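Read off the chains here:
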Amino acid sequence: MFEPCLTDIEIILASTDCVFKINDTVRGEILIKVHREDAPLHHNGITLSAVGSVRLQLSEKDSSLLDQLFATVDPIEMMDACLELKPPGKLPIGTHAIPFAFALSPTVFHRSTYYDGYRAVTGGSGSHKLCETFHGQNVQVVYGVEVEIMRPLLSGGSISTGMCEFLVESRAEEEGVKRVEQSMPRKFALERFDEAEEDLNTKKKKSTSKEEESSDGNANPKEFEIRGELSKTSYFIEEPIEGFVEIISHPRNRKNQLKKIEVELERVETVISAEGTRSTESSAVQFTQIVDDGADVSENVRVPIHVTFPRLYACPSVAHATFSVGFAAKIIATFDDGVDDEEDGSSNAYNNSKTTFKKKSKKKKERTSSISIPISVHRAPNLGSGEKTIL
């Protein structure tokens, strides 16, 4: 019976924040600590694998059950590198540092010859362009490296570090820079409640009453009026979304009282299967509350908007043959309806002489008014030019 191997393996990347730009050279070291019980450590070679892939799946909300079961959505392999760091041999007791380097480009690497402790690699270019790291609901772009010490099964089997993820950022493109520089402010207004919150019967009644009033030349007065402006519709991912919201008028009675105003950053992910099934889903990335619950905001006072992009859950807008990622800024105003809605609470019942008492809680109904403004996101030029290294 073989004994378990106690050798430790660690991957140290040259970048302090594990962030690399596309077409950069990823450098680092492999630290192998061989304990006395394993020395000398015989192996059949030490290899490093670097992969980059796009994992896709159809949205559960925008696709049928049959599409989810039978539609073909294959992952996109953007990078697949295999470097042989050391030929078969043995490692004595102690700590061993093995440097490595590979180009961050859409290339499939093949084994070649050694030079200066690194592994020289050659290969043909891949057909897919590298994308920036992104963790979404249905689209995930992931990069990682893994080191494996290959050993026979009777000697304890191979030793692996597992996949160690690193982040990849794209470079600025001239088209994206021009689009941001030429972007104009975008005004918006909230004047009516969302249609999803209204009953269908009341909507029909309102439509008929509006037609009668329009024929008479009179229009319904606005219950509220909230206006605002975004500074532009194209942004660099390094800069915040800025603008303002101005409350022109809102009801101050108990019914339909303004409760809060939020700015939601939402992502729009589209995935296309091999059969042509198109699935699009919008999901919230983060909420930024600019008007607090219970705050008495005076009319005609501008409330500033300042929303930053989160690093892992946002990326420059991408349009690919089988998927796309876009973003939108959604302004949401929440109002108290002033009506208490009774709902059953926890099933904490008391049985006394065949009588059951259930606790009930009161919850106020809410009505919302929102508008979604599509925005494009791009990478800014000449930022972070100094490479942060630790090796």
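Residues numbered from 1 in each chain as written. Predicted model: local features only at pLDDT ≥ 70, side-chain atom pairs only at ≥ 80, totals over all residues. Heavy atoms only, no water.

A.B. asks: Explanation requested: empty space enclosed by the protein in the structure shown.
C.D. replies: A probe as big as a water molecule, rolled over the atoms, marks out the empty space that is left. Applying the stated criterion across every chain, the model contains one cavity of 30 Å³ or more. The computed volume of the largest cavity comes to approximately 40 Å³. In terms of lining residues, the largest cavity is bounded by Cys-131, Glu-132, Phe-134, Val-139, Val-141, Cys-315, Val-318, Phe-323 and Val-325. When residues of the lining of the largest cavity are traced back to their parent elements, those giving at least two are β12 (139–149) and β24 (323–344). (1 Å grid on protein atoms, 1.4 Å probe; cavity = no way out; pocket = protein on both sides within 12 Å on 5 of 7 lines; lining within 4 Å. Points joined across faces, edges and corners; volume = space filled by probe spheres on them. Helix = DSSP H or I, 4+ residues; strand = E, 2+ residues; numbered from the N terminus.)

A.B. asks: Looking at this structure, I do not really get the pairing of strand β21 (residues 278–291). What am I missing?
C.D. replies: Here is the key point about a regular strand: its side chains alternate between the two faces of the sheet. Direction of pairing for strand β20 (residues 257–272) relative to β21: antiparallel, over a ladder of 12 bridges. From the neighbouring strand, Ile-272 faces β21, where its bridge partner is Arg-278. Counted between consecutive antiparallel strands, the loop separating β20 from β21 contains five residues, among which Gly-276 sits at a positive phi close to 95 degrees. (Pairing = 2+ DSSP bridges.)

A.B. asks: What am I meant to see in the sheet that holds strand β22 (residues 302–307) here?
C.D. replies: Taken in spatial order, the four strands line up as β16-β17-β19-β22 in an open sheet, and their pairing is antiparallel. Edge positions in the sheet fall to β16 (186–190) and β22, since each of these pairs with one other strand and no more. Here the average twist between neighbouring strands, direction ignored, is 20 degrees. In the sheet, β16 pairs with strand β17 (residues 225–230) via five bridges, with the strands oriented antiparallel. Residue pairing across strands places Leu-190 opposite Ile-226, the latter belonging to β17. (Axes fitted to C-alpha atoms, helices over the stretch in contact; angles between N-to-C directions.)

A.B. asks: How do you make sense of the pattern of salt bridges when you look at a structure like this?
C.D. replies: If charged atoms from side chains of opposite charge come close, those side chains can pair. Under the defined criterion, the tally for this structure stands at 16 salt bridges. The residue Glu-169 makes a salt bridge to Arg-379 at a minimum N-O spacing of 3.9 Å. Separated by 210 residues along the polypeptide, Glu-169 in strand β15 (residues 167–169) and Arg-379 in the segment after β27 (360–378) bring together distant segments of the chain. The pair formed by Glu-169 and Arg-379 is uniform in burial state, with each residue classed as buried. One salt bridge connects Lys-260 with Glu-262, and the closest N-O pair in it is separated by 4.0 Å. Judged by relative accessible area, Glu-262 falls into the buried class, the value being 13%. Among the ionic contacts, a cluster of salt bridges with common partners joins Lys-21, Glu-132, Glu-169, Glu-238, Arg-311 and Arg-379. (Salt bridge = Lys/Arg side-chain N within 4 Å of Asp/Glu carboxyl O. Buried < 20%, exposed > 50% of the residue type's maximum accessible area, 1.4 Å probe, protein only.)

A.B. asks: When you look at the confidence of the model for the chain in this model, what are you seeing that I'm missing?
C.D. replies: Detailed reading of the predicted coordinates is not advisable wherever pLDDT falls low. Per-residue confidence for the chain gives a mean pLDDT of 79; residues scoring 70 or more make up 72%. The least confident element of the chain is strand β9 (residues 114–115), whose mean pLDDT is 34; the most confident is strand β18 (residues 234–236), at 95. Below a pLDDT of 50 lies the segment residues 109–126, which in the model reaches 41 contacts outside its immediate sequence neighbourhood of four places, other chains included. Predicted confidence is poor over residues 212–219, with pLDDT under 50, and the contacts of this stretch with residues over four places away or in other chains come to three contacts. (pLDDT = per-residue confidence, 0-100. Contact = heavy atoms within 4.5 Å.)

A.B. asks: Please explain the state of the cysteines as it appears in this structure.
C.D. replies: One way to say it: the disulfide is the covalent bond shared by the sulfur atoms of two cysteines. Evaluated as defined, the whole model comprises zero disulfides. The closest cysteine sulfur to the non-disulfide-bonded Cys-18 is located on Cys-164, 6.3 Å from its own sulfur. (Disulfide = S-S within 2.5 Å.)

A.B. asks: Got a minute to help me understand the pairing of β22 in this structure?
C.D. replies: The two faces of β22 differ: Val-303, Ile-305 and Val-307 on one face are buried, but Arg-302, Pro-304 and His-306 on the other face are not. Strand direction decides the pairing type here: strand β19 (residues 241–249) and β22, joined by six bridges, are antiparallel. Directly across from Phe-244, in β22, lies its bridge partner Pro-304.

A.B. asks: How should the nonpolar core be read in this particular structure?
C.D. replies: When a protein is soluble and globular, its nonpolar side chains tend to lie buried together. Grouped together as the largest cluster of nonpolar side chains are 77 residues, with contacts concentrated most on Ile-30, Phe-102 and Ile-261. Looking at this core element by element, the count peaks at seven residues for β24. Every residue in contact with Ile-30, bar those within four places of it in the chain, is listed here: Ile-9, Glu-10, Ile-11, Leu-48, Leu-85, His-96, Ala-97, Ile-98, Phe-100 and Val-147. (Core = buried A, V, L, I, M, F, W, Y, C linked by side-chain atoms within 4.5 Å.)

A.B. asks: I'm lost on the sheet that holds strand β8 (residues 94–103) in this one. Help?
C.D. replies: Read from one edge to the other, the open sheet built from three strands follows the order β1-β3-β8, with strand pairing classed as antiparallel. Looking along the sheet, the strands with just one partner apiece sit at the ends: β1 (8–13) and β8. In this sheet, neighbouring strand axes are inclined to one another by 20 degrees on average, regardless of whether the strands run parallel or antiparallel. As paired elements, β1 and strand β3 (residues 25–34) share six bridges and run antiparallel to each other. Bridge pairing in β3 places Asp-8 opposite Lys-33.

A.B. asks: Help me out: how do you make sense of the packing of aromatic side chains in this one?
C.D. replies: One pair of aromatic rings is described through two measures. These are the centre distance and the angle between the planes. For the structure shown, the criterion picks out six aromatic pairs. Three or more aromatic residues joined by ring pairs form one cluster here, namely Phe-20, Tyr-143 and Phe-166. Its guanidinium or amino end placed over the ring of Phe-244, Arg-302 lies 4.0 Å from that ring's centre, counting from NZ or CZ. For the cation-ring pair, Arg-367 lies above Phe-193, with the distance from its terminal atom to the ring centre recorded as 4.0 Å. (Phe/Tyr/Trp six-rings, centres within 6.5 Å; stacked < 30°, edge-to-face > 60°. Lys NZ or Arg CZ within 6 Å of the ring centre and 35° of its normal.)

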